[in-house]
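# Examining the three-dimensional arrangement
Each chain, letter by letter, is given below.
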Amino acid sequence: MASKALPRRESRTSANALAQRGPREGVTEHTFLWEGRDRTGKIVRGEMRAGGQTVVITALRRQGISVVKVKKQSYRRGGKVVDKDVTLFTRQLATMMKAGVPLLQAFDIVAKGTDNVAVAKLFTDIKADVETGTALSQAFRKYPLYFDPLFCNLVGAGEQAGILDDLLDRLATYKEKMQAIKAKIKSALFYPVAVVVVAAIVVTVIMLFVIPAFKNVFANFGADLPAPTLMVIAISDFFTSYWYLLFGVIGGTFYFLMQAWRRSPAVQAFMDRTLLKLPVFGEVIRKATIARWLRTLSTMFAAGVPLVEALDSVGGASGNHVYLMATKRIQQEVSTGTSLTVAMQNCKVFPNMVVQMTAIGEESGSLDGMLGRCADVFEREVDDAVESLSSLLEPMIMVFLGTVIGGLVVAMYLPIFKMGQVV
């Protein structure tokens, strides 16, 4: 076992030397698996990150290893990295580091323990960066799509203070709570959205196939049709003639709005303000946003990040433009010597309870704990609001379906009722 471990350490030293020289411009590094024999003739294996097979062979020969085989590690396409994967990785890494598992070995365990090819490749690449001497926080910063500034800042703070395992544990708890809030909101929105989609499909089938069949029956009716029936038939005729145009306009509008929402700050600001003002969902979204804001600030402050620097990550983590702009204003006021309580009160987007608990936390010197307790309160309120929202939406959705589908059915049966009265 010792003879196998030595060449692997030597290969990493060689890789470090190559990395310190800096990669040549235009050269992409890959992970290579190698096999060879050391000076005693024993078979040794390992992996190395380099720009090509020639670099690997040269580095191994300098270590006295006779190379037998070098193969680039291939990753099959498939899968993608989602926030749930990052959360699970953070929890696993925190647990293993608390148990005394070395960092690089922990990355190996996580990468080999997942069936998602994209996740395994991501963590293998990060491990390779750390092996070359890169700080863990800097290695994470190379992948901003998966690790936001909040994540990287907390990891960096843990590295500097020597409490990386504790910070990863806090970070894992934070991400788990944020995921729970998002899941609850999605579950509350899924049911009404699903019902609306099903209702749209049913109405489309009625307009394209059912009403034209009734129209043929009513052609020889021999009497004037009721106004609701004529209106529904006219809508059906228009729908049958221009259905492709209607679907194109609706689909194009939806795609345009989603792209504008994603890329245009002005549209994002407008939509975020609109969401907070919705009659039923607005209050749930507001409480969830405040809970995320408080939880993020509590986690950052507890990690020892200065308040002004912590506010850099808090606004973006809230997920709402209104609270992002409010956070920037709070940051400006705090940087000039204003207390956090007064700055939050001036923004007028936080409930009085939040402001008062923040004031108590500042006066008692336990701001992180007070913000955490306040976040717990709002997370429980989000849970209660989602449950009550689900019970409230069920009768509203039944009324909606009855009005739309029932209205179409009644409009088409009115001539039959009228004919029965004549007979």
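We now turn to the structure provided with this report. (Residues numbered from 1 in each chain as written. Predicted model: local features only at pLDDT ≥ 70, side-chain atom pairs only at ≥ 80, totals over all residues. Heavy atoms only, no water.)

## Brief notes about the overall build of the chain
Broken down by element type, the chain carries 16 helices and 3 strands. Within the chain, the fraction of its 423 residues that count as buried is 38%. Considering only intrachain contacts with a sequence separation of at least 6, the fraction spanning at least 24 residues in the chain is 62%. Of the accessible surface of the chain, which amounts to about 23700 Å², a share of 60% is contributed by carbon and sulfur atoms. (Helix = DSSP H or I, 4+ residues; strand = E, 2+ residues; numbered from the N terminus. Buried < 20%, exposed > 50% of the residue type's maximum accessible area, 1.4 Å probe, protein only. Contact = heavy atoms within 4.5 Å. Areas by Shrake-Rupley, 256 points an atom, 1.4 Å probe, with all protein chains shown as cover.)

## Thoughts on unusual backbone geometry
Positive phi values are uncommon outside glycine, yet Lys348 reaches one of about 60°. The topology assignment puts Lys348 in the loop between α14 (340-347) and α15 (352-364). For Lys348, a relative accessible area of 73% puts it in the exposed group.

## Notes on the packing of helix α3 (residues 83-98) against helix α8 (residues 164-218)
Geometrically, a packed helix pair is captured by the angle between its two axes and the distance between the axes. At their nearest, the axes of α3 and α8 sit 8 Å apart, and the two run at 150° to each other. One element, α3, and the other, α8, form an angle in the roughly antiparallel class. The way α3 lies across α8 gives a crossing that is left-handed. Where α3 approaches α8, its residues Asp83, Lys84, Val86, Thr87, Thr90, Arg91, Leu93, Ala94, Met97 and Lys98 are matched on the opposing element by Leu164, Asp165, Asp166, Leu168, Asp169, Leu171, Ala172, Thr173, Lys175, Glu176 and Gln179. Classifying every residue of the contact of α3 with α8 gives 8 nonpolar, 4 polar and 9 charged. (Axes fitted to C-alpha atoms, helices over the stretch in contact; angles between N-to-C directions. Parallel < 35°, antiparallel > 145°, perpendicular 65-115°, else oblique. Left-handed = near helix turned anticlockwise from the far one by under 90°. Nonpolar A, V, L, I, M, F, W, Y, C, P; charged D, E, K, R; others polar.)

## A closer look at the pattern of salt bridges
Going through the model one piece at a time under the given rule, you end up with 13 salt bridges. Where Arg295 meets Asp376, a salt bridge forms, and the shortest distance between an N and an O atom there is 2.4 Å. One end of the pair, Arg295, is in helix α11 (residues 281-302); the other, Asp376, is in helix α16 (residues 367-422), with 81 residues separating them in the sequence. Look at Arg295 and you get buried, because its relative accessible area is 10%. For Asp376, a relative accessible area of 27% translates into the label partly exposed. Counted as one network, the salt bridges with shared partners bring together Arg91, Asp169 and Glu176. (Salt bridge = Lys/Arg side-chain N within 4 Å of Asp/Glu carboxyl O.)

So, to be careful, I would describe these as geometric facts and stop short of saying anything about function.
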